[in-house]
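A structural walkthrough
Spelled out, the chains give:
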2 protein chains.
Amino acid sequence: MPTTIAELDTPAVLIDIDRVEANLRRAQAHATAEGYALRPHIKTHKLPKFALRAVELGAVGITAQKIGEAEVMADAGVTDIFLPYNIVGAQKLARLKALNGRVTLSVTADSAATVAGLAATFTAERPLTVLVECDTGAGRCGVQSPAAAAELAQQIARAPGLRFGGLMTYPKVHAREASNAWLAAAKEACEAVGLTVPRVSAGNSPDMWAPQAAPVTERRPGTYIYYDRSQVKAGAASLDDCALTVLATVVSRPTPTRFVIDAGSKAITSDLIGMEGYGLVMGTPHTIRSLSEEHGVVEMAEPSETPRVGDRVRIIPNHACVVSNLYDEVHLISGDAVTETLPVAARGRSD
Amino acid sequence: MPTTIAELDTPAVLIDIDRVEANLRRAQAHATAEGYALRPHIKTHKLPKFALRAVELGAVGITAQKIGEAEVMADAGVTDIFLPYNIVGAQKLARLKALNGRVTLSVTADSAATVAGLAATFTAERPLTVLVECDTGAGRCGVQSPAAAAELAQQIARAPGLRFGGLMTYPKVHAREASNAWLAAAKEACEAVGLTVPRVSAGNSPDMWAPQAAPVTERRPGTYIYYDRSQVKAGAASLDDCALTVLATVVSRPTPTRFVIDAGSKAITSDLIGMEGYGLVMGTPHTIRSLSEEHGVVEMAEPSETPRVGDRVRIIPNHACVVSNLYDEVHLISGDAVTETLPVAARGRSD
């Protein structure tokens, strides 16, 4: 196994383990001080090691987005998993039932159809906890009004095999107040029909440093373990907090201002998510101007003899989560040392 | 193994094997009739089965973009491989040397530095064929003038372990004439210094139906095996030729016009490459308006009761090649039958 970064072939994903540890600790300290439960989303790293470390530091459990990811984490010893997703279809319901027998599991639903599928699968002997997903402004999934939330909550509560677990939202970024007002109204509507709302789950990385505010009891940030260019732009972190970089080699210097690296859209993805350029060359002002599948093209503002063909650079990507999803393995680093190479165990678990 | 599409879990990649066969045959027939060599790029499918089938139908060999991909194809029995890439660095040069001992191999270079690395690695006993990469307008890699091409060609020809193999370009799409004029001037410049130019390699899928024109002798289309939305827009194919689709399940119907599927950026990528929307729902006018990692959001122009939660749809992606790169396996289909499930053998071979 390579023991220094210089020995690695490129492109390769480097994870700065010291930054990861600092990012995990800082988030947990905030949650503890503010009094909300932290339930990190493992979609960002897909590594059992980091899921278990977050729990060790105080997280109440983890969030996963796919049953396949949750299965990998359960195999690795994670005991409390939240799947904030509408689980639909015979294949997935069978897997969900098996998973519910192994860990403390909760899911979400936003329609009578999803609840009906869950209700037909689970029994009172081993009930499934279901939260109602609320569209509080992001315009993705979710019931469209607090009254609809209460109605769906009642359907869940009536099913012998289901337990009403509370409310969940994926909030619109930087719109917490409106989201919280929506959730408070939904909680009130549920209580008005006699239901207890044990848990209100929200949160994301861009708004992670906001103070605790009712009715939210739990937050599910994910990207904060690595951060990335978009999180820095959102104000959640600095470039020095970014733990994931893509190591690349300069393969061409066609002009005095242009250099080309061996990391393209298959190495860093074409996610722009509001950014200029496809990634930042660490320690420089240069961003990747264009990507093809196996090439990243950088145009410098001034002619320069460096970098030279064969030089290596590290790219801070726009979006760390989608980068993890491309690689079979990542390299943990501390300074210039490669301390461990880990398979991305939950990668490709897209179903 | 599931034997019908209905039995598959989602998201899943479906490859219409009848369309693949028709696409391969039509391209080979064009190459044969026009008199150029077809050297398909396997980056699109990463499957030995399809690489071997293309050769069986008349391709002179294959193109791969990464040594890792080439190694997989060599293991599967492909005997002639072109890597149109600047291979740089000790790790890659060692692998390239091993590969050159196993198959008929050629690579490209666009700088004295790349040629020097190759020259120091290979010997006259088992020389490596090197083509000069030319930037004929695409603005990526490549020497910047025909004179520079001839100069680099001489450097290659002087190295005992290298053989000058000709010229290569990744042409700007829909700009063939300018590209061919550039290549003709470069060929002339090489011949003026006494070099023979055995091969001039160009081509892409968008311009694949153009008639043969000097000085090009070989074309390297890739996407044509599957096609996709961007190829249809470029005029290379119709929607009915598209062989790769992503099977997805409708998981939410938050409003009468919105539906949400379980295929997001981790299932179809965020590649726009000039298109509106992130993919087309096959058989409908609907495109995916927004993507998050595990959700695709479709807004219909008119309210509709369908599709319902649990219904399945198939997505024609903007860019097929990057989709193949996300999945560990793909399902070959004929009509509604799943005929075979194949591992994407060269997936993740990003180095």
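Described below are features of the structure shown in this document. Because the structure is a prediction, the values reported are computed rather than measured. (Residues numbered from 1 in each chain as written. Chains lettered and ligands numbered in written order. Predicted model: local features only at pLDDT ≥ 70, side-chain atom pairs only at ≥ 80, totals over all residues. Heavy atoms only, no water.)

Residues and elements named next belong to chain A. The residue Pro221 is located in the loop between β9 (218-219) and α8 (229-234) in this model. For Pro221, a relative accessible area of 4% corresponds to the buried category. Note: C-alpha distance between Pro221 and Ala124 (97 residues apart in sequence) is 32 Å. Discounting residues that sit within four places of it in the chain, Pro221 has contacts with Leu38, Arg39, Pro40, His41, Asn204 and Ser205. (Helix = DSSP H or I, 4+ residues; strand = E, 2+ residues; numbered from the N terminus. Buried < 20%, exposed > 50% of the residue type's maximum accessible area, 1.4 Å probe, protein only. Contact = heavy atoms within 4.5 Å.)

A few words on the relation of the copies chain A and chain B. One copy of the chain maps onto the second through a rotation about an axis and a displacement along it. When chain A is fitted onto chain B, the two copies agree to an RMSD of 0.0 Å after a turn of 180° and an axial shift of 0.0 Å. Taken together, the rotation and translation describe the operation of a two-fold axis. A symmetric contact is evident, with 100% of the interface residues of chain A recurring at the interface of chain B. (Least-squares fit on C-alpha atoms with pLDDT ≥ 70 in both.)

Time to look at the packing of aromatic side chains. Residue and element names in this part refer to chain A. A complete count under the given rule lists 2 aromatic pairs over all chains for this structure. Both rings, one in Phe50 and one in Tyr226, keep their centres 6.3 Å apart while their planes meet at 80°; by these two values the pair is edge-to-face. Of this pair, Phe50 sits in helix α2 (residues 48-56) while Tyr226 sits in the loop between β9 and α8; the two residues are 176 residues apart in sequence, bridging distant segments of the chain. We classify Tyr226 as buried; its relative accessible area is 0%. (Phe/Tyr/Trp six-rings, centres within 6.5 Å; stacked < 30°, edge-to-face > 60°.)

The next point concerns the sheet that holds β9 of chain A. In a beta sheet, neighbouring strands pair by backbone hydrogen bonds and run either parallel or antiparallel. Residue and element names in this part refer to chain A. One open sheet holds the 8 strands; their spatial order is β2-β9-β8-β7-β6-β5-β4-β3, and the pairing between them is parallel. Either end of the sheet is taken by a strand with one partner, and the two such strands are β2 (37-38) and β3 (62-63). Sheet strands touched by helix α4 (residues 90-100): β4 (80-86), β5 (104-109) and β6 (128-134). Its angle to β5, the strand with the most contacts, is close to 145°. (Pairing = 2+ DSSP bridges. Axes fitted to C-alpha atoms, helices over the stretch in contact; angles between N-to-C directions.)

A word on helix α7 (residues 176-192) of chain A. Residue and element names in this part refer to chain A. Over its 17 residues, α7 runs 24 Å from end to end, which matches the ideal 24 Å to within 8%, given 1.5 Å per residue. Among all positions in α7, only Ser179, Asn180, Trp182, Leu183, Ala186 and Cys190 are buried. The arc enclosing the buried residues of α7, seen along the axis, measures out at 155°, which places them on a common side. Of the exposed residues in α7, the ones pointing more than 90 degrees away from its buried face are Glu177, Ala178, Glu188 and Ala192. Buried residues along α7 sit in contact with β6, α6 (146-158), β7 (162-169) and β8 (200-202). Taken from the residues just after α7, Gly194 is the one with a positive phi, measuring 90°. (Expected span 1.5 Å × (residues − 1). Arc of directions from axis to C-beta.)

So, on to the environment of Trp209 of chain B. All names here are of chain B. Relative to the helices and strands, Trp209 is located in the loop between β8 (200-202) and β9 (218-219). A residue is classified by how much of its surface remains accessible, and Trp209, at 29% relative accessible area, is partly exposed. Each C-alpha atom, one on Trp209 and one on Arg25, is 13 Å from the other, the two residues being 184 residues apart in sequence.

Attention shifts here to the side chain of Asn204 of chain B. Tracing the backbone through its elements, the reader meets Asn204 of chain B in the loop between β8 and β9. Leave out the neighbours within four places in its chain, and Asn204 of chain B touches Tyr170, Pro171, Val173 and Pro221 of chain B.

Okay, the pairing of strand β16 (residues 329-334) of chain A next. A regular strand carries its side chains on alternate faces of the sheet. All names here are of chain A. Note: strand β1 (residues 12-16) against β16, 3 bridges, orientation parallel. Bridge assignment links Asp16 to a residue of β16, and that residue is Ile333. Pairing of β16 with strand β17 (residues 337-343) involves 6 bridges; the strand directions are antiparallel. Residue pairing across strands places Val330 opposite Leu342, the latter belonging to β17. Connecting β16 to the antiparallel partner β17 that follows it, the hairpin turn spans 2 residues, and Gly335 within it adopts a positive phi of roughly 60°.

Turning our attention to the interface of chain A and chain B. Taken together, the contact between chain A and chain B spans 61 residues of the former and 61 residues of the latter. Regarding the contact of chain A and chain B, the summed buried area is about 4,600 Å², with carbon and sulfur atoms giving 46% of it. Connecting chain A to chain B are 12 salt bridges. At the junction of chain A with chain B, the criterion picks out 40 residue pairs in polar contact (both at pLDDT 80 or more). Listed by contribution, the elements that provide at least two residues to the side of chain A that touches chain B are β4, α4, α5 (112-121), β10 (244-252), β11 (258-261), α9 (265-268) and α10 (320-324) of chain A. The biggest single contributor to the side of chain A that touches chain B is β10 of chain A, with 4 residues. (Buried area = accessible area lost by both parts, 1.4 Å probe. Salt bridge = Lys/Arg side-chain N within 4 Å of Asp/Glu carboxyl O. Polar contact = N/O pair within 3.5 Å; in protein donor to acceptor, adjacent residues only side chain to side chain.)

Time to look at the pattern of salt bridges. Tallying each qualifying case throughout the model produces 50 salt bridges over all chains. As a salt-bridge pair, Arg95 of chain B and Glu71 of chain B come within 3.0 Å of each other at their nearest N and O atoms. Here Glu71 of chain B lies in helix α3 (residues 67-75) and Arg95 of chain B lies in helix α4 (residues 90-100), a separation of 24 residues in the sequence. Look at the salt bridges and you will find they share partners, linking Asp9 of chain A together with Glu71, Lys92, Arg95 and Asp351 of chain B into a network.

With that settled, the discussion passes to the packing of α5 of chain A against α6 of chain A. Residues and elements named next belong to chain A. Two elements in contact, α5 and α6, have axes separated by 10 Å at closest approach and are oriented at 10°. Viewed along their axes, α5 and α6 adopt a mutual orientation that is roughly parallel. Here Ala112, Val115 and Ala116 of α5 come into contact with α6, specifically with Leu152, Gln155 and Ile156. The residue inventory of the contact of α5 with α6, partitioned by class, reads 5 nonpolar, 1 polar and no charged. (Parallel < 35°, antiparallel > 145°, perpendicular 65-115°, else oblique. Nonpolar A, V, L, I, M, F, W, Y, C, P; charged D, E, K, R; others polar.)

Now for the pairing of strand β4 (residues 80-86) of chain B. Residue and element names in this part refer to chain B. Of all the 7 residues making up β4, 7 are buried; the element is thus mostly covered by neighbouring parts of the structure. Side chains Asp80, Phe82, Pro84 and Asn86 project from β4 onto one buried face, and the interleaved Ile81, Leu83 and Tyr85 project onto a second face that is buried too. Here strand β3 (residues 62-63) pairs with β4 via 2 bridges, running parallel. In the strand pairing of β4, Ile62 is matched with Ile81. The handedness of the β3 to β4 crossover, carried by α3, is right-handed. Pairing of β4 with strand β5 (residues 104-109) involves 5 bridges; the strand directions are parallel. Bridge assignment links Phe82 to a residue of β5, and that residue is Ser106. Regarding topology, α4 serves as the crossover connection from β4 to the parallel β5, and that connection is right-handed. (Right-handed = clockwise from strand over helix to strand, strands pointing away.)

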